[in-house]
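Examination of the molecular architecture
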Amino acid sequence: NPAGPRHDLDSDFNLSVTVTTIESATGVTQNALSEASYTFNAPVIVTAVADGVTSSGLSIVVEDVTKTIGSNIAYAKSDTDGSEHVTAVEISGFPVGATITYTDMLGAPQSFIATGGESITLSGPKSAATETAIRAALDTLNVTAHAQSDVNFALTVAITTEDNDGSATTQNFNHGVTVQAVAD
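Summary of the structure given here. Please read these numbers as outputs of a predicted model, since none were measured by experiment.

Examining the sheet that holds strand E10 (residues 119-123)
The five strands lie next to each other as E4-E13-E12-E7-E10, forming an open sheet whose pairing is mixed. Pairing within the sheet leaves two strands with one partner each, and these edge strands are strand E4 (59-62) and E10. Taking each pair of neighbouring strands and ignoring which way they run, the sheet shows an average axis angle of 25°. The sheet contact formed by strand E12 (residues 153-162) and strand E13 (residues 168-180) spans ten bridges and is antiparallel.

What about the environment of threonine 68?
Within the secondary structure layout, threonine 68 lies in strand E5 (residues 67-68). Between the C-alpha atoms of threonine 68 and isoleucine 100, which are 32 residues apart in sequence, the distance is 9.8 Å. If sequence neighbours within four positions are ignored, threonine 68 has contacts with Asp139, Thr140, Leu141 and Asn142. One polar contact links threonine 68 to asparagine 142, side chain to side chain, over a distance of 2.4 Å.

Focus on the side chain of histidine 175
Of note, histidine 175 is situated in strand E13. Here histidine 175 falls in the buried class, since its relative accessible area comes to 0%. There is a polar contact of 2.7 Å between the side chain of histidine 175 and the side chain of serine 59. Among all residues touching histidine 175, those that are not within four sequence positions of it are Gly57, Leu58, Ser59, Ile69, Asn72, Ile73, Phe153, Ala154, Leu155 and Val157.

A short note on the environment of alanine 42
In this fold, alanine 42 is placed in strand E2 (residues 34-44). Taking the relative accessible area as the measure of exposure, alanine 42 reaches 21% and is therefore partly exposed. Setting aside residues up to four positions removed in sequence, alanine 42 forms contacts with Phe13, Asn14, Leu15 and Val17.

Notes on unusual backbone geometry
Glycine aside, residues mostly have negative phi, and peptide bonds are mostly found in the trans state. In this structure, glutamine 148 is a non-glycine residue whose phi angle is positive, near 65°. Its location among the elements puts glutamine 148 in the loop between strand E11 (142-144) and E12.

Description of the nonpolar core
By size, the foremost hydrophobic cluster in this structure holds 28 residues, and its most contacted members are Val89, Ile91, Phe94, Ile100, Ile120 and Leu141. Taken together, the elements giving at least two residues each to this core come down to strand E7 (85-92), strand E8 (99-103), E10, helix H1 (128-138), E12 and E13. Looking at this core element by element, the count peaks at four residues for E12. Not counting chain neighbours up to four residues away, the residues in contact with isoleucine 120 comprise Val89, Glu90, Ile91, Phe94, Ile100, Tyr102, Phe112 and Leu141.

So, the packing of aromatic side chains
Using the criterion set out here, one finds two aromatic pairs in the structure. With a centroid separation of 5.8 Å and 25° between ring planes, the pair formed by tyrosine 38 and phenylalanine 40 is classed as stacked. Taking relative accessible area as the criterion, tyrosine 38 reaches 54% and is therefore assigned exposed. Assessed through its relative accessible area of 31%, phenylalanine 40 is described here as partly exposed. Seen in terms of ring centroids, phenylalanine 94 and phenylalanine 112 are 5.7 Å apart; in terms of plane orientation they differ by 80°. Their pairing is edge-to-face. Separated by 18 residues along the polypeptide, phenylalanine 94 in the loop between E7 and E8 and phenylalanine 112 in strand E9 (residues 109-113) bring together distant segments of the chain. Across the pair, phenylalanine 112 and phenylalanine 94 agree in class, each one buried.

Rules and cut-offs
Residues numbered from 1 in each chain as written. Predicted model: local features only at pLDDT ≥ 70, side-chain atom pairs only at ≥ 80, totals over all residues. Heavy atoms only, no water. Pairing = 2+ DSSP bridges. Helix = DSSP H or I, 4+ residues; strand = E, 2+ residues; numbered from the N terminus. Axes fitted to C-alpha atoms, helices over the stretch in contact; angles between N-to-C directions. Contact = heavy atoms within 4.5 Å. Polar contact = N/O pair within 3.5 Å; in protein donor to acceptor, adjacent residues only side chain to side chain. Buried < 20%, exposed > 50% of the residue type's maximum accessible area, 1.4 Å probe, protein only. Core = buried A, V, L, I, M, F, W, Y, C linked by side-chain atoms within 4.5 Å. Phe/Tyr/Trp six-rings, centres within 6.5 Å; stacked < 30°, edge-to-face > 60°.

Shown next as structure tokens:
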């Protein structure tokens, strides 16, 4: 038997199986004539599967004011045994005219005014360091809605997780952004 909880198990193991046969004579009800047992190990091969993430959070920004929203894009890995890591986060759906700023995974400041097709991709090889760098860069994401606009919008967030065996899954979700109007 493998040690520990079975949930998210991704290691192979041997299952011990015992087969017992009992042979009795016709008409004999209680007394067995012969009994034989055979025990063998059956190898169980476990294929790891990336479980993905659960997501939550929303953001509120004030018209014409820069707001850090990256820390509001919350996610948690479904697999908590340490075998999976977030290897990529892609954000798209920035409204036309919005000013977007963030610090990339190398520490360089980035900025653009959305024209409708831009996305931000934060990614790297499967490791705890990559996962930490992705989260740190995402936490710096700032949005300034288009001048004089109080139109709410939703960003599309795609998060990729990878398991020990290289299997990966990408889950998409919307991150709602409410833009509060300000009297000019």
